[in-house]
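The lines below spell out each chain.
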Amino acid sequence: EQIYPHLRLPSGADIEQLIAILDVKLDQNGRVIGRPSIIDVQGETASNRPQVSVYKERAIQAVMAASPFRNLPDEYYEQWKWLKLRVDARKAR
């Protein structure tokens, strides 16, 4: 939920169907290390295909802008230091 205030959707048909799956590495303070990478994009249609690359870049930007991530328990750092995050366009505000 921390990501969505930072997600700026591109304009176009069927944008709300896109979901980006990102691989994100965090330090012990919850800050993003390096640049997240896109693993997959779901919901691509003929209508939104021209905007997929823009959506992927904006999903990465939103994750980076949301850093540092809060409420991550220190004792479980080994479990959350590598995350696969779903950035669902339907949740953008």
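Preceding this paragraph is the structure being described.
Everything quoted here is computed from the prediction, not taken from an experiment. (Residues numbered from 1 in each chain as written. Predicted model: local features only at pLDDT ≥ 70, side-chain atom pairs only at ≥ 80, totals over all residues. Heavy atoms only, no water.)

**A few points about the overall build of the protein**
Condition: A run of H or I in DSSP becomes a helix once it reaches four residues, and a run of E becomes a strand once it reaches two; helices and strands are each numbered from the N terminus. Every radius of gyration here is taken over C-alpha atoms, with the globule rule written as 2.2 Å times N^0.38, N being the number of residues. We call two residues in contact whenever any of their non-hydrogen atoms come within 4.5 Å of each other.
Along the protein, the regular secondary structure elements total 2 helices and 3 strands. Along the protein, helices and strands appear, N-terminal first, in the series β-β-α-α-β. Whereas a compact globule of 93 residues would reach a radius of gyration of roughly 12 Å, the protein reaches 14 Å, a difference of no more than 12%. In the protein, of all internal contacts separated by at least 6 residues, the share reaching a separation of at least 24 is 77%.

**Remarks on unusual backbone geometry**
Here S67 and P68 are connected by a cis peptide whose omega angle stands at 5°. Relative to the helices and strands, P68 is located in the loop between α1 (52-66) and α2 (77-80). Non-glycine residue N71 carries a positive phi angle of around 60°. The residue N71 is located in the loop between α1 and α2 in this model.

**Quick look at the side chain of Q2**
How we decide: In protein, a polar contact means a hydrogen-donor-capable atom and an acceptor-capable atom, both N or O and within 3.5 Å, with residues adjacent in sequence counting only if both atoms are side-chain atoms; elsewhere, any N or O pair within 3.5 Å suffices.
Here Q2 shows up in the segment before β1 (19-25). Here A66 takes part through its backbone oxygen, which lies 2.7 Å from a polar atom of the side chain of Q2. Polar side-chain contacts of Q2 include one of 3.2 Å to the backbone nitrogen of R70. Other than its neighbours up to four places away in sequence, Q2 contacts A66, P68, F69 and R70.

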